[in-house]
Amino acid sequence: MKDVVAIGELLIDFAPVSTDDAGYPTLKAQPGGAPGNFLAALQKYGCTTALMGKVGEDAFGNLLVNTLDTLGISTKGIVKDPSVFTTLAFVTLDATGNREFSFARKPGADTRLRVEELDTALLDSCKVLHFGTLSLTGEPARSATKAAVAYAKEHGKLISFDPNLRKPLWPNDEVAKEQIEWSLHQADIVKISDEEIEFLWGISPEEGTQKLLREYGVRLVYATLGPKGCHFANAQGYGEVASPTGIHVVDTTGAGDIFGGSAMSQFLRLNKEPEELTVEEMRAVTRFACCAASLSTQTHGGIVSVVPEADVRKII
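Residues numbered from 1 in each chain as written. Predicted model: local features only at pLDDT ≥ 70, side-chain atom pairs only at ≥ 80, totals over all residues. Heavy atoms only, no water.

So, the overall build of the protein chain: which residues are in play, and what are the values?
Summing up its helical and strand segments, the protein chain has ten helices and 13 strands in all. Taken over C-alpha atoms, the radius of gyration comes to 18 Å for the protein chain, in line with the 20 Å a tight globule of 316 residues would show. With the C-alpha coordinates aligned to their principal axes, the bounding extent of the protein chain is approximately 50 × 45 × 40 Å. Taken over 316 residues, the protein chain has a buried fraction of 57%. Expressed as a percentage of contacts within the protein chain between residues at least 6 apart in sequence, the contacts between residues at least 24 apart total 71%. With 30 positive and 41 negative side-chain charges, the protein chain shows a separation of 3 Å between the mean positions of the two kinds. (Helix = DSSP H or I, 4+ residues; strand = E, 2+ residues; numbered from the N terminus. Rg over C-alpha atoms; globule rule 2.2 N^0.38 Å. Buried < 20%, exposed > 50% of the residue type's maximum accessible area, 1.4 Å probe, protein only. Contact = heavy atoms within 4.5 Å. Lys, Arg positive; Asp, Glu negative; His and termini not counted. Charge placed at Lys NZ, Arg CZ, Asp CG, Glu CD.)

Quick one: what's the story with the side chain of E117, residue by residue and with numbers?
The topology assignment puts E117 in the loop between β7 (99-104) and α3 (120-124). Only 3.0 Å separates the side chain of E117 from the side chain of K54, close enough to count as a polar contact. Beyond its immediate sequence surroundings of up to four residues, E117 is in contact with K54, V79 and R112. (Polar contact = N/O pair within 3.5 Å; in protein donor to acceptor, adjacent residues only side chain to side chain.)

Requested: an account of helix α7 (residues 205-215), with residues and values cited.
Listed as buried for α7 are P205, G208, T209, K211, L212 and L213. Where α7 is buried, its residues touch α5 (173-186), β10 (189-193), α6 (194-201), β11 (220-224) and β12 (229-234). Immediately downstream of α7, the backbone of G217 shows phi near 80°, a positive value.

Can you break down the nonpolar core residue by residue, with the values?
Counting residues in hydrophobic clusters, the biggest one holds 48 residues, and the most contacted among them are Y222, M264 and F267. Residue contacts for M264: discarding those within four places in its chain leaves V4, F38, L42, V128, S160 and I189. Ranked by size, the runner-up nonpolar core spans 37 residues in total, among them V5, L118, I180 and L213. (Core = buried A, V, L, I, M, F, W, Y, C linked by side-chain atoms within 4.5 Å.)

An account of the packing of α5 against α6 is needed here, citing residue identities and associated values.
Two elements in contact, α5 and α6, have axes separated by 10 Å at closest approach and are oriented at 110°. Considering their axes alone, α5 and α6 lie roughly perpendicular with respect to each other. Handedness of the α5/α6 crossing: left-handed. The segment α5 lies against α6, with D173, A176, K177, I180, E181 and L184 engaging F199, L200 and W201. Considered class by class, the residues forming the contact of α5 with α6 number six nonpolar, no polar and three charged. (Axes fitted to C-alpha atoms, helices over the stretch in contact; angles between N-to-C directions. Parallel < 35°, antiparallel > 145°, perpendicular 65-115°, else oblique. Left-handed = near helix turned anticlockwise from the far one by under 90°. Nonpolar A, V, L, I, M, F, W, Y, C, P; charged D, E, K, R; others polar.)

Now the structure itself:
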């Protein structure tokens, strides 16, 4: 049995390591994709994981699958497709390490996963299914993702969701909102950013968490606040944790995903239902996740930037 199965994109992030006089960057290829980053944190912190998705049958696809295999993340549910190329994301960073993305994805392999390619045996044997919205931006991956979520819910699995909004990948804001709204109604545990709450409803993170609990049936919410930390809430109460100070930020790529995976790893150790966590238990889970995510920003990349648990415990 796997603790967590994720469905979605596995891709190459090209991050700038230097820039010439004309402004052209020298890029370094890194393994990435939000579900992969999420699982890398879970795997690092003692959980068993698997990814369902699609890569091209090409050099980058092979590298990505080998990376997950090396980390111990099961690749049984990853399909290699010779007809499409592995998705590429080009990352640009500002002076503070914040990033913007451009995607080579017209189409990318991650968008081509079909319903009939789902390995439902992985869902039968997991505790949690995690997904985001990049696999909902178009067909056939949208139908495959929704089928996986429906199957998991029917079989009593917890559903974890992170919007991971990337506006350039949507035809317009209305379609993005529609798919995020559908996803939120499916989820038991949600990790959402303050910017995504503002995008959806134009309200504060605190109001957003209560809205999710009250109107969407979500049972545990983490609303991340960028460098400020995270607001958390469930039926037992709410609170806030600040991010650690003194972190030299190099690259924030994957930090939100690593927060989500780190929080999930600590949640699973408690062996409780999401709504049963006390405020102090939520605070401890969130503090661990904030520290793990912050430490990941000290190096480039997502999957490869997850630090050992001892390093996280040291700064808690």
